[in-house]
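# Coordinates in review
Listed below are the residues making up each chain.
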Amino acid sequence: MDKDGQRRRWGYWWIALCLMMHCDQPVSAQIRYSIPEEVKEGSQVGNIAKDLGLDVSLLEHRRFRIVSGSKDSFFQVNQNNGILYVYKKIDREEICDSNGACLLNLKIVVENPLEVHYVEVEITDVNDHFPSFHEKDVHVEVAENTVKGTRFDLPAARDLDIGLNSIRSYRLRQNDNFDIEVRDGEYGDKSPFLLLQKPLDRESQDKHILTLTAIDGGNPPKSGTLNITVTVLDVNDNFPVCNRDTYTITLKENASPGFTVTFVNATDPDEGANGEVEYAYGRNVQRKVHDVLELDKVTGEIRVKGKIDFEENDIYNLNIKASDKGRPPMNSDCRVIIKIIDVNDNEPEIEVTSLSNIVSEDSKPGTVISLISITDKDSGINGKVVCSLSESVPFELKPYVQQNMYSLVTKENLDREIASHYDITVTATDLGNPALSSSKSLSIEVSDVNDNTPQFPHNALEIYLFENNPPGQSIFSVSATDKDKNENAHITYHIIRGDQTQSDMTLFLNINSETGVIHALKSFDFETVKMFQFHVLASDSGAPSLSSNVTVNVFILDQNDNVPVILYPVSANGSAEGVEEIPRNVNAGHLVTKVRAYDADIGYNGWLLFSLQEVSDHSLFGLDRYTGQIRTLRSFTETDEAQHKLLILVKDNGNVSLSATATVIVKVVEPKEAFAASDVKNTVKDEEENNGTFYLIITLGSVSVLFVISIIVLIVMQCSKSTDYSSKYLQDTNYDGTLCHSIQYRSGDKRYMLVGPRMSIGSTIVPGSNGNTLVIPDHRRRDSGEVRVTVIRNTSSVLVCCFYTILFVFT
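A brief structural summary. (Residues numbered from 1 in each chain as written. Predicted model: local features only at pLDDT ≥ 70, side-chain atom pairs only at ≥ 80, totals over all residues. Heavy atoms only, no water.)

### Side note on the sheet that holds strand β26 (residues 368-375)
In any sheet, the strands associate via hydrogen bonds between backbone groups, in a parallel or an antiparallel arrangement. Judged by pairing direction, the sheet is antiparallel, and its 4 strands sit side by side in the order β24-β26-β29-β28 without closing on themselves. Two strands in the sheet have a free side with no partner beyond their single neighbour: β24 (349-353) and β28 (395-399). Ignoring which end each strand starts from, the neighbouring axes of this sheet average 30° apart. In this sheet, β26 lies alongside β24 in antiparallel orientation, the contact comprising 5 bridges. Bridge assignment links Val352 to a residue of β26, and that residue is Ile372. (Pairing = 2+ DSSP bridges. Helix = DSSP H or I, 4+ residues; strand = E, 2+ residues; numbered from the N terminus. Axes fitted to C-alpha atoms, helices over the stretch in contact; angles between N-to-C directions.)

### Describing the pairing of strand β22 (residues 315-324)
Most of β22 sits out of view: 7 of its 10 residues are buried. Note that strand β19 (residues 277-281) and β22 share 5 bridges and pair antiparallel. Paired with Ala280 across the bridge in β22 is Lys321. Pairing between β22 and strand β23 (residues 331-341): 9 bridges, direction antiparallel. The residue bridging Lys321 from the neighbouring strand is Asp333, located in β23. Between β22 and the antiparallel strand that follows it, β23, lie 6 residues. (Buried < 20%, exposed > 50% of the residue type's maximum accessible area, 1.4 Å probe, protein only.)

### Here we look at the side chain of Asp484
Its location among the elements puts Asp484 in the loop between β33 (474-477) and β34 (491-496). Summary of buried charges: Asp484 has no salt-bridge partner, and the nearest side chain of opposite charge, Arg416, is 4.7 Å away. A polar side-chain atom of Asp484 sits 3.5 Å from the main-chain amide nitrogen of Asp451. Among all residues touching Asp484, those that are not within four sequence positions of it are Glu361, Arg416, Glu417, Asp448, Val449, Asn450, Asp451, Asn452 and Ala489. (Lys, Arg positive; Asp, Glu negative; His and termini not counted. Salt bridge = Lys/Arg side-chain N within 4 Å of Asp/Glu carboxyl O. Polar contact = N/O pair within 3.5 Å; in protein donor to acceptor, adjacent residues only side chain to side chain. Contact = heavy atoms within 4.5 Å.)

### Observations regarding the sheet that holds strand β2 (residues 44-47)
The strand order across the open sheet built from 3 strands is β2-β5-β4, with neighbouring strands paired in antiparallel fashion. Of all the strands in the sheet, the pair left with one neighbour each is β2 and β4 (75-77). Each neighbouring strand pair of the sheet contributes to a mean axis angle of 20°, computed without reference to strand direction. One ladder, built from 3 bridges, connects β2 with strand β5 (residues 83-86); its direction is antiparallel. Bridged to Gly46 within β5 is Leu84.

### Points about the state of the cysteines
Counted by the stated rule, this structure contains 1 disulfide. One disulfide in the model links Cys242 with Cys334; its S-S distance is 1.3 Å. Across the S-S bond linking Cys242 and Cys334, the dihedral sits near -60°, which makes this disulfide left-handed. Note that Cys242 is positioned in strand β15 (residues 241-242) and Cys334 in strand β23, a separation of 92 residues in sequence. Look at Cys334 and you get buried, because its relative accessible area is 0%. (Disulfide = S-S within 2.5 Å.)

This is how it looks when you write it as C-alpha cells:
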C-alpha cells in the first residue's frame with residue numbers, strides 16, 4: 001500500500017473515531033481501504049478491529065464477521081486479530097466495468113451489543129491488459145478525387161485498464177499520403193481517424209497498406225496493432241452531408257419497443273445511385289446499442305428495440321454513417337447523443353438485521369427490536385426513500401446516522417392482555433412520481449408478565465338458599481378470571497375465615513380451591529339466621545402472586561316448616577279449647593270471642609286464615625277468615641240450644657299448608673246469670689287492664705323513640721350509599737314479622753294501609769271496616785303518576801304495624 005493510501009486510511013479512521021465518540025447509535029462511520037488488483041490471496045488489507053477501536057480479545061465472543069458485500073466474497077476477516085485479508089484473487093476488470101473508481105462495500109457486524117460498520121475497499125488498477133482492436137484488418141475505400149484533409153474513421157482500440165494504464169496515443173507507420181488524427185471522447189476515450197494528407201492517384205498506386213499502433217500509458221507501455229488496407233476508387237466525388245453535426249436527444253428509460261427516438265437526415269447533391277443515401281452504425285458503436293436501438297437504413301429512423309435501463313447505461317453515443325451508392329460510395333458521420341432520463345422503475349429493497357420476535361410486555365419505550373436498511377437502485381429523488389409502519393402499532397421507526405437505515409423500537413408500554421401478537425408491515429416508499437413502494441412483514445410476540453389480578457364478575461355476590469338444606473351439598477360456585485396466561489392465570493380459591501367463634505358462619509363452609517364450588521357443612525334455619533356474609537380470596541400462581549377477594553352475601557329463604565300456634569284459646573293437654581258465655585238477648589253482630597294464632601314463618605308461609613270446621617248451627621255464628629273473630633249472625637230464639645261447639649281450623653298459605661285447630665264452646669245463659677258472671681270477669685279485667693295500660697304506655701314510648709332513631713339512621717344510610725343487599729331481601733316492604741302484615745289500597749282520594757293478617761289476591765275489603773286501617777298521604781310520581789312508599793315510610797309502616805301488634809297483644 002502506497003503512502004497516499006495509508007494517509008487516506010488514517011484519515012478515514014480518525015473520522016470514524018470522531019463519529020463513534022459523538023454518536024450513541026450502534027452503527028459507526030465508514031472506513032475505506034485501497035489495494036491494487038491481482039494481489040495474492042491472504043494479502044492483508046487493514047486491521048478493522050484496530051481502526052474501529054474494538055477489543056481484539058472479544059472479537060470471537062461478539063461474533064465479529066462480514067455479513068454482506070457488494071460482490072462475491074473476495075475478503076475474509078480474522079476473528080483472532082481483526083485483520084481484513086484477501087480471500088481470493090481480484091480482477092478489477094471482471095468485477096467493475098466502469099471507468100470510475102472500483103469500490104467493494106462490506107458490512108461488518110459485531111454483537112453483544114449489536115454494532116454495524118461499513119467498510120469500502122477500493123481496487124486500484126494495474127497495467128495487466130494489452131490494447132486490442134476488435135478487427136485485425138480494416139479495408140478502406142478512398143476515391144481518387146478525395147480532397148486533402150478528408151478523414152476516415154477507424155475502429156478504436158480497447159484497453160480494459162483505466163486511468164494512466166488506458167490507451168494514451170495512436171501511431172501510424174510513416175507514409176506519404178496518410179496520417180492519423182485522434183479525437184478525444186466525452187468519457188476520456190480516444191477515437192482514431194485516418195487523415196488524407198495528399199491526394200491519391202489510382203493509376204500510380206491503387207492500394208495502400210498501413211499499420212496503426214495503439215499505445216497505453218503503463219510503465220512499461222503496452223501496445224496493439226491494426227492492419228489497414230486502403231483501396232483507391234474512382235468517380236463519386238460528393239459525399240452525404242448531415243443536416244446537423246450532432247443530434248442530442250433525451251429518452252425516458254420506460255420507452256416501449258417501437259418508439260421513435262429521432263430521424264438522422266443526410267443529403268447528397270449527386271444524382272442517381274451516387275445521391276441515394278443509406279444509414280448504418282459506425283464501427284465504434286458498442287454491441288449493446290444494437291440490442292436496444294434499431295436504425296432504419298433507408299429513412300434514418302432510430303427506434304427503441306429492447307429494454308432501456310437507466311441503471312445500466314445513462315447515455316448512448318452513436319456514430320451514424322451516411323453513405324451513398326456511388327462507386328466508390330461516399331459517406332459522412334452523423335453524431336447522435338441519446339441521454340437516458342431516469343424514471344422511477346425500481347422498488348425499494350428492505351433488509352432486516354437481527355430481528356428479535358419476542359418482546360416482554362414490561363419492556364420500556366425505546367427498546368430496540370431490529371435494524372432495517374433500505375436500498376433503491378434509482379437515482380436522484382427517485383432513489384430517496386421514506387420508511388414507515390403501515391399499521392397503528394405501539395412501535396416506531398427511528399432513523400440512524402446512515403442514510404436509509406432505521407431501528408424498530410417500542411413506542412409505548414405494551415400490554416399482552418390487549419394484544420399478544422403483532423404482525424407489523426414495514427413499508428418503504430420512494431419520492432418518485434408516481435412513487436413506488438415495497439413492504440416486509442415482521443411477526444412479533446409479546447411475552448406475559450404477572451401484571452393482572454384475578455377479577456370476579458361482580459363486586460359482591462348473592463346466594464339465595466332455602467333453609468333446611470342438606471349438609472354437604474354444594475350451594476354456590478364462584479369464578480374469577482385472570483387476563484394473564486399459563487401460571488400467571490392459574491387461580492386458586494380460599495375462604496377468608498372470621499373470628500373462629502360459634503357465630504362465624506365460615507366454619508360451616510368449605511370451598512374447592514380449584515373449582516370454586518362452595519359446600520355447606522350444616523343445615524341452616526331461617527328462624528335462627530336469616531342472612532350472613534363471607535369473603536372468598538382468589539389468588540393466581542404468578543411470582544409474585546396477585547389476589548383479589550369478593551364478598552358473598554347469603555340470604556336464607558323461608559320454608560313452611562312451622563305450624564300455626566294457637567294463642568287463644570289457651571292449649572291444654574295438647575288441644576286448644578275455650579268456653580265463652582253470652583247472654584241470650586244479644587243482637588246480631590255481637591262479638592263472641594276472637595281466636596288468636598301465630599306462625600313463625602313469613603310471607604305466605606306465615607299468612608293465617610281461619611275457617612269453621614264444625615258448628616252446631618251455621619245460621620247462628622260467623623267467623624271472620626282474616627281476624628279470627630266469632631260474631632253472632634242473628635238473635636237467639638227460645639228454641640236455640642243453650643250450648644254450641646265450634647271447631648276452628650287455622651292454616652297457613654304455604655305450598656304444603658300446615659294447620660292447627662281450636663275448639664270454642666259457647667254457652668247461652670240468661671241475662672241475670674250473664675251479668676253476675678260479667679261482674680266477676682270485669683273485676684278481674686279491670687285489674688288486668690290497669691296493669692296492661694301501664695305496660696302499654698312504656699311500650700308506646702319505646703316504639704316512638706325507636707321510630708325516630710330509625711328515621712335518622714335510614715336518612716344517613718341513604719345519603720351515604722345506595723340501597724344494599726338487605727333491601728333486596730325484604731322485597732315486600734309491608735312485612736314487619738310473622739304476626740303482622742300490611743296491605744295498601746285506595747279509596748277515593750285517600751290511601752289506606754290495612755294492618756293485620758295479609759289478604760290473598762282476590763280478597764275484598766269490607767267498606768267501613770277501618771278498625772285496623774291507617775290513612776296514608778297520597779304522593780304522585782312525575783313519570784307514572786304515583787310514587788311508591790319510600791324506605792322511611794316503609795319503616796314507619798313497620799313501626800306502626802309493631803304498634804298495632806302490641807296493641808293487639810294487650811287487647
